[in-house]
Amino acid sequence: MNEAPASRESELERRRGQEERLRAAWATPKGWRYWSAVNNTEVGVWYTSTSFAFMLFAGVLGLLIRTQLAVPDNDFLSGPFYNQVFTLHGTVMMFLFAVPIFEAVAITIMPQMLAARDLPFPRLSAFGYWCFLIGGIFVCGSIFFGAAPDGGWFMYPPLSTDPEQAGIGADIWLLGLSFIEVASIAAAVELIVGTLKCRPPGMRINLIPLYAWYILVVGVMIVFAFPPLIAGDILFELERMFDWPFFDPRRGGDPLLWQHLFWIFGHPEVYIIFLPAIAVVAMIVPTFAQRPIFGYSWIVLAAVGTGFLSFGLWVHHMFATGLPAVSLGFFSAASEAVAIPTGVQIFVFIATLLLGRVVSSVPMMFVWGTLAVFVLGGLTGVMVALAPFDWQVHDSYFIVAHLHYTLIGGGLFPIVAGIYYFFPLVSGRKLSDRLGKWVFWLMFLGFNIAFLPMHLSGLRGMPRRVFTYPEGLGLEQLNLVSTIGAFVFAAGFALLVIDVLRPRRGQPYAEKNPWNAGTLEWLIEMPGESWGVRSVPHITSRYPLWEQEGLARDVAEGRCYLPDAEEGQRETLISTTIDAHPVQCLRVPGPTFITLWAALFTGGVFVFATFHWWFATLVSGVLAGAAILRWLWTGTAVIPEKPEKDIGLGLRLPLYMSGPRSVGWWAMFITMMGDMAAFASLVFGYFFYWTIHPEFPPADQPDPSPLWLGLSLLLLLGAWALTLAARLRNAAGHTFTLRLALVAGTVLSLLGGAALLLAGWLPGLDPTSHVYPAIVWVLLIWTAVHAVLGAVMQLYCIAGSIAGRLTPRFDIDIWNVTLFWHFMALTALITVAVLALFPMAA
Amino acid sequence: MAFESRSPRNSLIVLSLGPTIWAAHFLASYVVAAIWCEKAGAGAELAPVQLLVLVFTAAALLGIGWLGIAAWRHWGYLEGEGPPHDADTDEERGRFLGFATLLLCGLSFVAVIYVALPVVFIADCR
């Protein structure tokens, strides 16, 4: 280059100006306002640290368990307290560590990996984080008051529906975890839309990082797996609080329904933990083999295939419940089939390592550890997938060993590998290699010393969850060895924590791209800036840093898209789902406390309801609704000051898009899929009761009024049609018709909701008398609550139209509300069809 | 501004059709067997269920097979290059989707056979 010094000077000047504007737009708030941050660089780190804090807490509980079991007839912990300890150990590890850590890591690194400035809904991530923190403290804190749940992490009724047997701990479990599940679904929505819509230009579907494939699959799995548990929680809590007999056989209920709903969630959850962890391995292996992954499409097969098959496994947790052999056979077969895609990805990793020149490193050591431990856990999984073998080891320490081999091998080890690998992204520095080797060997040996003997103690007949065992059963040595191993393992983990937390002011920053990786997250400067990526590159390969020469320099010098923040706003690119053509420059919202308030009040609803403080619950609910409305009103669907902007390289993109091309519409669509999954679980409950009863609906119980049901359907379909008409007329420029249609629609929604409740109330359905009126009431109330929500949305649009936020050109809100109403109409149709027509047919 | 082709072959929905057929087959088989055994009693013969599950299986395998052949054509292995399909072109993106769909069809085909096997070996509702 032989530019004149003056022009080079002005070029540098221009670049500095861009960087200053970007830095100002993405600045992290200072002082106490720091906690109003919503950017992934802060929320991701909070999320990760909090998950690990909960993990350490649950780890200490694990050590208490091992200490109690070290010698026979030990009295270190009392029986009742031991019950709380193991229940909370499992609950916290699963709900407050294993699932959230995936969301935490993904929120932290996904934007970097996709060269996006942020995910599309940063405030939603922050809201999810605060929900998680509040719910987590609530659940964990209960043990300090002797009030922790004590019925095991899957809370089987009738033990835990009985208020005599299970105290307030069960309510804390149900409500605390429901609250956290809301956070998980929020994260899933964020990550699915992020993967599909926030990719850099050119990053076609065949070029996206494997991590993103896994995250996409896991996001979709969460949307379908978590809602059944929420539905189950609703039934469970209704039984505990109001004596609605869903799981009480004396009044037509069945405890098995809970097991179905729990495990329809619970088995996919195992893969919701495993897949994102193994996704980290899929990023680490190519880096240290210094070659592209061998068998990219096979990994896609594995991720998508496992995602699907994992929904056909849930009954393998119920092999001992006395279901017909043929039912067990289906689930046994599917459980064996899932070994195929799971095995495929292991072979892909091994093949990539064999074909490459493996660079030895601490992350790689943990990858080897993952492969070794997980394969063992997988093999015992193939064993227990066979029903007759499962009957022998069911509820024994063999299962404890199996599940720890899969979850620690397939979850924790890859996550620790990821911590070593991604640490420079977050802090600009590497963790210690020397300590890392100690950490690995202590954890790897400690783990195997602790858990390998449990296979044997299980086969010798030691049941899980016993708080002690007598001498002379041949269990003494095995348990003592397990306890020693657990402490060795914990020592390794403690060393890791020390290495992460120790001050490293003297340590120099790592060089850029310290592992010589090929993917975009390593574009980041050391230390990173909160804007994430300096400018957004055009991608033409799977490993752009290896295969696109000069890319890193072009990005760093701001020669790609969106190198500036001229208007001082936070912006990121939106692209098409398959070929990643850039289609929109999306303004993303900045710091706010409103998400924290919304989470606090939402948390209040769940916490106060636990203690039956109904007035406080109501107030908190109203405040939560107000906070969420304020958040939506001030932070979403903001009308830009100009229709489009130049994002560099001669590309002009619109700043506002509505309907199926907007990210908000996608988020609504995905949320409603989850909503329908919960609704489907409740309808499943209705038909489940029909299946198990010779006569259902029972002759001595009144049916809901078909007349009022039919009327409510007419009203709600009318409200739906009016909403749709409002959208269409608005698009044609008739603002007044929009308002008129929505006013009428609101009235019809509320009347429709009321008619639903009357349909149950007028014939005198008593939900405590039998499970039939109880399940009918649940469906009626579910649909009526949705009708009220729909009315609030209609009112919101009327207000938006009057305030000038919703116009014929800027119509995101009415599009999204109409989408809600499509699902609402379907919900009403199914509810009425089931409740009115099925009793006639049966 | 370029917009991508709306061809149904280039969509993530098609990619997941094979496993979706598996899921439908699985659910249908399980529901039919569960309802039959609950209503007909623990000693009942499985014959009607066996017949239905075999019909479901034949339909599912046909569907997956048809989809797999379409995916094989879309992949175009015989005319072009094999994997890794990592080039930045419409053609390579299409081939990748075809290949991944084919792989998923293969897995779904095998998994459907797995799930059908219990009714071959189990003859009653015990």
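All of these numbers come straight from a predicted model, not from anything done at the bench.

Description of the overall build of chain B
Step number 1: If you tally the helices and strands in chain B, you get 4 helices and 0 strands.
Step number 2: What you see for chain B is a C-alpha radius of gyration of 19 Å, clearly larger than the 14 Å of a compact globule of 126 residues, by over 25%.
Step number 3: By principal-axis analysis of the C-alpha atoms, chain B measures approximately 65 × 30 × 20 Å.
Step number 4: The burial tally for chain B puts 44% of its 126 residues in the buried class.

Examining the overall build of chain A
Step number 1: A count of helical and extended segments in chain A gives 24 helices and 4 strands.
Step number 2: Dimensions along the principal axes, computed over C-alpha positions, put chain A at roughly 95 × 80 × 45 Å.
Step number 3: Counting all 842 residues of chain A, 58% fall into the buried class.
Step number 4: For chain A, the share of sequence-separated contacts (at least 6 apart) that also reach a separation of at least 24 residues comes to 80%.

Comments concerning helix H8 (residues 296-309) of chain A
Step number 1: With 14 residues, H8(A) should cover 20 Å at 1.5 Å per step; its first-to-last C-alpha distance of 20 Å lies within 8% of that length.
Step number 2: Counting buried positions over the 14 residues of H8(A) gives 14, a clear majority of the element.

With respect to unusual backbone geometry
One can expect most non-glycine residues to show negative phi and most peptide bonds to be in trans.
Residue and element names in this part refer to chain A.
Step number 1: A cis amide bond links Met526 with the next residue in sequence, Pro527, at an omega value of -5 degrees.
Step number 2: Among the structural elements, Pro527 can be located in the loop between helix H15 (476-501) and helix H16 (544-547).
Step number 3: Note that the residue after Phe696, namely Pro697, is joined by a cis bond; omega there is 0 degrees.
Step number 4: Locating Pro697 in the fold gives a position in the loop between helix H20 (663-692) and helix H21 (706-731).

Details of the packing of helix H14 (residues 433-459) of chain A against H15(A)
Residues and elements named next belong to chain A.
Step number 1: The contact between H14 and H15 brings their axes to 7 Å, and the two run at 155 degrees. Relative to H15, the element H14 lies roughly antiparallel. H15 is crossed by H14, and the crossing has left-handed handedness.
Step number 2: Tallied by class, residues from the contact of H14 with H15 come to 22 nonpolar, 6 polar and 1 charged.

Describing the nonpolar core
Step number 1: Counting 332 residues, the largest nonpolar core has A:Tyr214, A:Ala279, A:Ala282, A:Ile299 and A:Ala334 as the members making the most contacts within it.
Step number 2: For this core, the leading source of residues is helix H7 (residues 255-289) of chain A, giving 24 residues.
Step number 3: When neighbours within four sequence positions are excluded, A:Ala334 is seen to be in contact with A:Leu309, A:Gly312, A:Leu313, B:Phe26, B:Ala111, B:Tyr114 and B:Val115.

Observations regarding the pairing of strand S2 (residues 582-587) of chain A
For a regular strand, side chains alternate in direction, first toward one face of the sheet and then toward the other.
Residues and elements named next belong to chain A.
Step number 1: In this sheet, S2 lies alongside strand S1 (residues 571-575) in antiparallel orientation, the contact comprising 5 bridges. Note on S2: the bridge partner recorded for Ile574 is Gln584.
Step number 2: In sequence, S1 turns back onto S2 through a hairpin of 6 residues, with Ala580 there showing a positive phi of about 55 degrees.

Concerning helix H23 (residues 771-803) of chain A
Step number 1: For H23(A), built from 33 residues, the straight-helix expectation of 48 Å at 1.5 Å per residue is met to within 8% by its first-to-last C-alpha distance of 48 Å.
Step number 2: Positive phi appears at A:Gly804, one or two residues downstream of H23(A), with a value of about 80 degrees.

Regarding the pairing of S1(A)
Step number 1: Here S1(A) lies mainly inside the structure; 5 of its 5 residues are buried.
Step number 2: Here S1(A) shows no split at all, with A:Glu571, A:Leu573 and A:Ser575 on one side and A:Thr572 and A:Ile574 on the other all buried.

Comments concerning the environment of A:Thr540
Step number 1: Structurally, A:Thr540 can be placed in the loop between H15 and H16.
Step number 2: C-alpha separation for the pair A:Thr540 and A:Gly202, spaced 338 residues apart in sequence, amounts to 5.9 Å.

Examining the packing of helix H5 (residues 168-197) of chain A against helix H18 (residues 594-610) of chain A
All names here are of chain A.
Step number 1: At their nearest, the axes of H5 and H18 sit 9 Å apart, and the two run at 165 degrees to each other. Regarding the angle of H5 to H18, the classification is roughly antiparallel. Helix-helix and strand crossings are classified by hand; for H5 and H18 the assignment is right-handed. Residues Ile168, Asp171, Ile172, Leu175, Gly176, Ser178 and Phe179 of H5 form the contact with H18, whose participating residues are Gly603, Phe606, Ala609 and Thr610.
Step number 2: Of the residues in the contact of H5 with H18, the class split is 6 nonpolar, 4 polar and 1 charged.

A short note on the confidence of the model for chain B
Any residue range with low pLDDT should be treated as having predicted coordinates unsuitable for detailed reading.
Residue and element names in this part refer to chain B.
Step number 1: On average, residues of chain B score 89 in pLDDT, and 92% of them are at 70 or above.
Step number 2: This model gives residues 1-5 a pLDDT under 50, and the stretch forms 9 contacts once residues within four places in sequence are excluded.
Step number 3: ipTM for the predicted complex: 0.94, alongside a pTM of 0.95.

About the criteria used
- Residues numbered from 1 in each chain as written.
- Chains lettered and ligands numbered in written order.
- Predicted model: local features only at pLDDT ≥ 70, side-chain atom pairs only at ≥ 80, totals over all residues.
- Helix = DSSP H or I, 4+ residues; strand = E, 2+ residues; numbered from the N terminus.
- Rg over C-alpha atoms; globule rule 2.2 N^0.38 Å.
- Buried ≥ 20, exposed ≤ 12 C-beta atoms within 10 Å, placed from the backbone.
- Contact = placed C-beta atoms within 7 Å.
- Expected span 1.5 Å × (residues − 1).
- Axes fitted to C-alpha atoms, helices over the stretch in contact; angles between N-to-C directions.
- Parallel < 35°, antiparallel > 145°, perpendicular 65-115°, else oblique.
- Left-handed = near helix turned anticlockwise from the far one by under 90°.
- Nonpolar A, V, L, I, M, F, W, Y, C, P; charged D, E, K, R; others polar.
- Core = buried A, V, L, I, M, F, W, Y, C linked by C-beta atoms within 7 Å.
- Pairing = 2+ DSSP bridges.
- pLDDT = per-residue confidence, 0-100.

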